[in-house]
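What follows is each chain in one-letter form.
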Amino acid sequence: MTALALGFLGLVTAPGVGLAQAMTTMTTVSLEEAIARALKTSPQVAQAAGTVTTTGAAERSAFGAYLPNLSASANSSLASSQRLDPTTGAVFNAPSDTYSAGLSASWNVFTGGQRGATSKQAQARSSAARAGLIAQRASAVLDVERSYYEVLRAGGLEEVAMSRIERAKQNAEAADRRLAVGSATRSDVLRAKYDLTAAQEALLSAQTQHAAAALSLGRLIGEDGPVGAQPLELQDVSTFALTDEALTDEITAQAPSIQAAEADLRAAEASVKVARSSYLPTVRLSGGYDWFNDEPAFNGGRTSWSVRMGLSYPIFDGFVREERVVSARTQASVAQATLSDTRRALRSSVGTSLNQLKLASNRIALATESVAVAQEDLKVQQERYKLGATTIIELLTSQENLVTAEINLVASRFDYRIARAELEALAGRPL
């Protein structure tokens, strides 16, 4: 919209003056600024980014399972220097202090494939989280674009209402002049005044809608009050380089929702391998080095070391392993069904968005033609009414037709932008 300021200036003499003044003083932002601020303030985007961070930590933890564990310990104890021999009952002096330190390490030589499956599972979940972040960012962009366009749509409706008021004033003046010379009736004047009142009511409605849209936009970008939208260049229709079928195939192959569903399936399949690994034995290698002394000094004392190799295998665990395998297989089946349904749903949504784009494009062309025809018809009716060749009813009908055509043009232009934004949200990127 390029004439929002003109609409605001006209509100001074129209109903809703306080609301109009509040709207003229609010901050305005560009679409790019609104998107950038919304991505910073969106709690859903922040949550998705946090999921990426946590899954990345889990991926590092899965890699760490291939590395040995290392730990160190130090202890000291103080006791009475006199001890009682339980055999003889004699009291004797014994060292009262003990100091010790140790270093131990362990490494899982074989885990039945659990480490590899867990690592694949962590990688898949991390991929799903990254795809989810892309999808959430696209959803946040769509929300702010919708709100931004609604602000501009409401501004456009205000312009239509202001133009309607001006025409209604002219009609009322013309009716008064004709009544003064005896070429019109009192009914003509009343009808013209009624039309002016209806136009003022439409302006109030548009102002209220504009205020609500501005408040919604302000919330999305982190403002406590209403935020206005800077005008955009009107580019009604733009075509895609690909056909509808090719574009649908490309979006379906690369959409974040599909990537997330595929990653969830890989994670579920890896969880089956993790559950199966409990049927195999585990081999663990461990060793340690310990030092003991009766005095708090590093010289002297006693040392010892040890190396162990152990194998463990749960022969029977009360069918816990079987339960885990069944649960993991069920989750994998659900993930496969979810992936298939996500593909179908995405193709359906893309097709719907493309149809909405075509519909909005056709409506823009029809509405543009309707506005031109209605404007010409209104000019003819205005001249005829001045000459007394037509009635006020025909003049008001032509004026109402023009208002309807202008409203349809405003609506269809932003319907097209919203439909394109929805398609880009499905793709997770600009198209």
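Summarised in this report is the structure supplied together with it. What you see is a predicted model, and the numbers here were worked out from it, not measured in a lab. (Residues numbered from 1 in each chain as written. Predicted model: local features only at pLDDT ≥ 70, side-chain atom pairs only at ≥ 80, totals over all residues. Heavy atoms only, no water.)

Observations concerning the pattern of salt bridges
Note the cut-off: For salt bridges, the criterion is a side-chain nitrogen of Lys or Arg within 4 Å of an Asp or Glu carboxyl oxygen. Starting at the N terminus, helices and strands are each numbered in turn, a helix being any DSSP run of H or I of at least four residues and a strand any DSSP run of E of at least two. The buried label goes to any residue with under 20% of its type's maximum accessible area, the exposed label to any with over 50%, and the partly exposed label to all in between, with areas taken from a 1.4 Å probe on protein chains only.
In this structure the tally under the stated criterion is 15 salt bridges. In this structure, Glu-406 and Arg-167 form a salt bridge, with 3.6 Å as the shortest nitrogen-oxygen distance. Residue Glu-406 is found in helix H10 (residues 392-427), and its partner Arg-167 is found in helix H5 (residues 114-181); the two are separated by 239 residues along the sequence. Judged by its relative accessible area of 12%, Arg-167 is buried. Notably, a salt bridge pairs Glu-424 with Arg-420, separated by 3.8 Å at the nearest N-O pair. On the criterion of helical spacing, the pair formed by Glu-424 and Arg-420 is a turn pair, its members being four residues apart in helix H10. Accessibility expressed as a relative area gives 18% for Glu-424, which makes it buried.

Focus: the packing of H5 against helix H6 (residues 186-220)
The condition that has to hold: For helices, the fitted axis covers only the stretch in contact; all axes are lines through C-alpha atoms, and the angles between them, taken along N-to-C directions, range from 0 to 180 degrees. With respect to orientation, any angle under 35 degrees is reported as roughly parallel, any angle over 145 as roughly antiparallel, any angle of 65 to 115 as roughly perpendicular, and every other angle as oblique. Take the far helix as your reference; a near helix turned counterclockwise from it by less than a right angle gives a left-handed crossing, and one turned clockwise gives a right-handed crossing. Each residue receives one of three labels: charged for Asp, Glu, Lys and Arg, nonpolar for Ala, Val, Leu, Ile, Met, Phe, Trp, Tyr, Cys and Pro, and polar for the others, Gly being one of them.
For the pair H5 and H6, the least separation of the axes is 8 Å and the interaxial angle reads 165 degrees. By the angle between their axes, H5 is roughly antiparallel relative to H6. Here H5 runs over H6; the crossing is left-handed. Taken together, the residues of the contact of H5 with H6 break down into 24 nonpolar, eight polar and ten charged.

Points about a positive patch on the surface
Quick reminder of the rule: The patch calculation keeps residues exceeding 30% relative accessible area without a salt bridge and links them within 9 Å when they carry like charges or within 5 Å when they are nonpolar (Val, Leu, Ile, Met, Phe, Trp, Tyr). Here the Shrake-Rupley method, with its probe set to 1.4 Å, supplies the accessible areas, and only the displayed protein chains count as covering residues. Only four residue types enter the tally: Lys and Arg on the positive side, Asp and Glu on the negative side; His and the chain ends are excluded. For charged residues, the charge sits on one atom: NZ in Lys, CZ in Arg, CG in Asp, CD in Glu.
Together, Lys-120, Lys-273, Arg-276 and Arg-329 line one region of the surface with positive charge. Position of Arg-276 relative to the elements: it lies in helix H8 (residues 256-276).

Some words on the packing of aromatic side chains
The criterion, for reference: Two aromatic rings from Phe, Tyr or Trp, using only the six-membered ring of Trp, form a pair when their centres are within 6.5 Å; if the ring planes differ by under 30 degrees the pair is stacked, by over 60 it is edge-to-face, and anything between is tilted.
Counted by the stated rule, this structure contains three aromatic pairs. For the pair Tyr-148 and Tyr-149, a centre-to-centre distance of 6.5 Å together with 85 degrees between the ring planes defines the contact as edge-to-face. For the pair Tyr-148 and Tyr-149, a shared accessibility class is recorded, and that class is buried. Each ring, one from Tyr-149 and one from Phe-414, has its centre 6.2 Å from the other, and the planes form 40 degrees; the classification is tilted. With Tyr-149 in helix H5 and Phe-414 in helix H10, this residue pair connects regions lying 265 residues apart in the sequence. The exposure class of Phe-414 is buried, given its relative accessible area of 1%.

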